[in-house]
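Commentary on secondary and tertiary structure
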Amino acid sequence: MERTWRWFGKNDRITLAMLKQIGVEGIVTALHDVPLGEVWTREKISELREYIESFGMRWSVVESLPVVETIKYGGPDRDEQIEVYKQSLRNLSAEGIHTICYNFMPVLDWARTDLRHENPNGSTNLYFNYAEFAYFDIYILKREGAREEWASFRFPQGYGEGRDVLSEADALAKTMTPEKDHDLVESIVIKTQGFVSGNFKEGDEAPVQKFRDFLSLYKGIDKAKLRANMKYFLDAIMPTCEECGMNMCVHPDDPPIEILGLPRIVRTEEDIRWLLEAVPNRHNGLTFCAGSLSAGAYNNVVEMAREFAPRTHFVHLRSCHIFPNGDFTEASHLGGRADIIELVRIFEKENPSLPMRVDHGMTMLGDEEKGYNAGYSFLGRMFALGQVQGIIATVDRELGIEYKQPGFFD
Ligand code: DNO
């Protein structure tokens, strides 16, 4: 697989010169300064592409070219926004970029409740605690119907047996303070969303109200409607993708559960099968995010990789651990539910030049002081990339593929 790295542009504290030293071949990035809903111009794309190339790397994948909410909920201006999207695709293709990662999650791009949860080894990782999320939903967001939904919430596949998330959230309410509330909102709404060009950003004045406004756009949008809107979008852009050789790779929902009363349609094997069959075009493909999928207890990640490898154009390697009570965190890239060793075997056989990036590393050994984006540390991700490079080299030896580590004389 092509070893790539998610880099957040020239303001990223991690520089391209640093990435070159650790064997990165391709960059995954976006035009983070272009406001949502505006065309990405050729000039801007070309300027960033040339900058990346000046370090001897290439711009391999766009993550993300955001799909604005109106396309997801089917607002009156969706056709106009689809035209904007198509123009950005044409411009990217004209600059030699042919792989786009995007998601179709309403409102939130991804969600965690704790961005610094301590591991037994003293490093920290991202963490999702259902009781804290339910507390946010019921007590901070005060969403209509939230209490009833959490009262009937059931964990899948034997996890969380006997757990009553609603009572835990009520108990939490007695211990929370305005400061703790603020931290939770920062984790769920600001720190995870701010840097991914989503709906929220650092410094938003009333993030909770803004959140409610976004949620209200989805009144009456159920799973069937969201699926129909996704198909509408893909059908509309496929001719452009064909014309300019663009591979669209949807990112699975993270976490792969229904939250905040919103439908989520890229969570399970059945969802992905539906999506690939509903628009049966090779350009309609998948970002195989092993981490997001492994947070769903019903997902057998290895079987999914076997089935969907032919339609996978981009891979995210990370792995989750689900605790017996149902909460989850990031595991080691050599452990957890995803079985990264077997995934590398599957994808390396399918296509040895498939772009792959390690996702979400530990925060470790001084990463905490550097102000990196949540989940996107330097040392933690570098550690994971080293492990994954070792796996790729070993699998390549098994498969008779030549492995070359960039940056050395041999
Ligand atoms: C978080 C990421 C997401 C992902 C987008 C793709 O770490 O997995 O921000 O990039 O959902 O559109």
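Above this text sits the structure in question.
Attention here is on the structure that accompanies the text. Model, not experiment: these values are computed from the prediction. (Residues numbered from 1 in each chain as written. Predicted model: local features only at pLDDT ≥ 70, side-chain atom pairs only at ≥ 80, totals over all residues. Heavy atoms only, no water.)

Summarising the element assignment, glutamine 193 is placed in the loop between helix H8 (178-191) and helix H9 (207-216). Looking at glutamine 193, the relative accessible area reads 1%, which means it is buried. With near-sequence residues (within four places) excluded, glutamine 193 lies in contact with Leu108, Asp109, Trp110, Ile188, Gly198 and Phe200. (Helix = DSSP H or I, 4+ residues; strand = E, 2+ residues; numbered from the N terminus. Buried < 20%, exposed > 50% of the residue type's maximum accessible area, 1.4 Å probe, protein only. Contact = heavy atoms within 4.5 Å.)

A separate point is the site of the ligand. For the ligand, the set of nearby residues contains 13 residues, the closest of which are Glu63, Ser64, Asp109, His360 and Tyr376. Within the contact set of the ligand, an oxygen atom lies 2.6 Å away from a side-chain nitrogen or oxygen of tyrosine 376. Here the ligand has 330 Å² of accessible area as a free molecule, and 100% of this is covered by the chains. Ranked by residue count, the leading element in the shell around the ligand is strand E4 (residues 99-103), at three residues. Partitioning the shell around the ligand into residue classes produces six nonpolar, four polar and three charged. (Near = heavy atom within 4 Å. Polar contact = N/O pair within 3.5 Å; in protein donor to acceptor, adjacent residues only side chain to side chain. Areas by Shrake-Rupley, 256 points an atom, 1.4 Å probe, with all protein chains shown as cover. Nonpolar A, V, L, I, M, F, W, Y, C, P; charged D, E, K, R; others polar.)

Bringing the packing of aromatic side chains into the picture now. Applying the stated criterion across every chain, the model contains 25 aromatic pairs. Here phenylalanine 200 and phenylalanine 214 contribute two aromatic rings whose centre-to-centre distance is 5.6 Å and whose plane-to-plane angle is 70 degrees, an arrangement assigned as edge-to-face. Highlighted residues: phenylalanine 200 in the loop between H8 and H9 and phenylalanine 214 in helix H9, separated in sequence by 14 residues. Accessibility classification places phenylalanine 200 together with phenylalanine 214 in one group, the buried group. (Phe/Tyr/Trp six-rings, centres within 6.5 Å; stacked < 30°, edge-to-face > 60°.)

So, on to the side chain of serine 88. With respect to the secondary-structure elements, serine 88 resides in helix H4 (residues 78-94). Leave out the neighbours within four places in its chain, and serine 88 touches Glu38, Val39, Trp40 and Leu65.

The next subject is the pattern of salt bridges. What the rule picks out here adds up to 38 salt bridges. Salt-bridge contacts for arginine 227 lead to aspartate 271; the nearest nitrogen and oxygen are separated by 3.2 Å. Of the two residues, arginine 227 sits in helix H10 (residues 223-244) while aspartate 271 sits in helix H11 (residues 269-278), which places them 44 residues apart along the sequence. We note that arginine 227, like aspartate 271, is buried. Between aspartate 254 and arginine 318 there is a salt bridge, with its nearest N and O atoms 3.2 Å apart. Linking aspartate 254 in the loop between strand E7 (247-251) and H11 with arginine 318 in the loop between strand E9 (312-317) and strand E10 (320-322), this pair joins segments that are 64 residues apart in sequence. (Salt bridge = Lys/Arg side-chain N within 4 Å of Asp/Glu carboxyl O.)

What follows covers H4. Compared with the 24 Å implied by 1.5 Å per residue over 17 residues, the 24 Å span of H4 between its first and last C-alpha is a close match. The complete set of buried residues in H4 reads Arg78, Gln81, Ile82, Val84, Tyr85, Lys86, Ser88, Leu89, Asn91, Leu92 and Ser93. Where the residues of H4 are buried, they touch helix H2 (42-53), strand E3 (58-63), helix H3 (69-73), E4, H10 and E7. Looking one or two places after H4, you find glycine 96, whose phi comes out positive at around 85 degrees. (Expected span 1.5 Å × (residues − 1).)

Turning our attention to the packing of helix H5 (residues 130-140) against helix H7 (residues 165-175). As a packed pair, H5 and H7 sit with axes 8 Å apart at the nearest point and diverge in direction by 70 degrees. When the interaxial angle is binned, H5 and H7 end up roughly perpendicular. On H7, the residues touching Tyr130, Ala131, Glu132, Ala134, Tyr135, Ile138 and Tyr139 of H5 are Val165, Leu166, Glu168, Ala169, Asp170, Leu172 and Ala173. Taken together, the residues of the contact of H5 with H7 break down into 11 nonpolar, no polar and three charged. (Axes fitted to C-alpha atoms, helices over the stretch in contact; angles between N-to-C directions. Parallel < 35°, antiparallel > 145°, perpendicular 65-115°, else oblique.)

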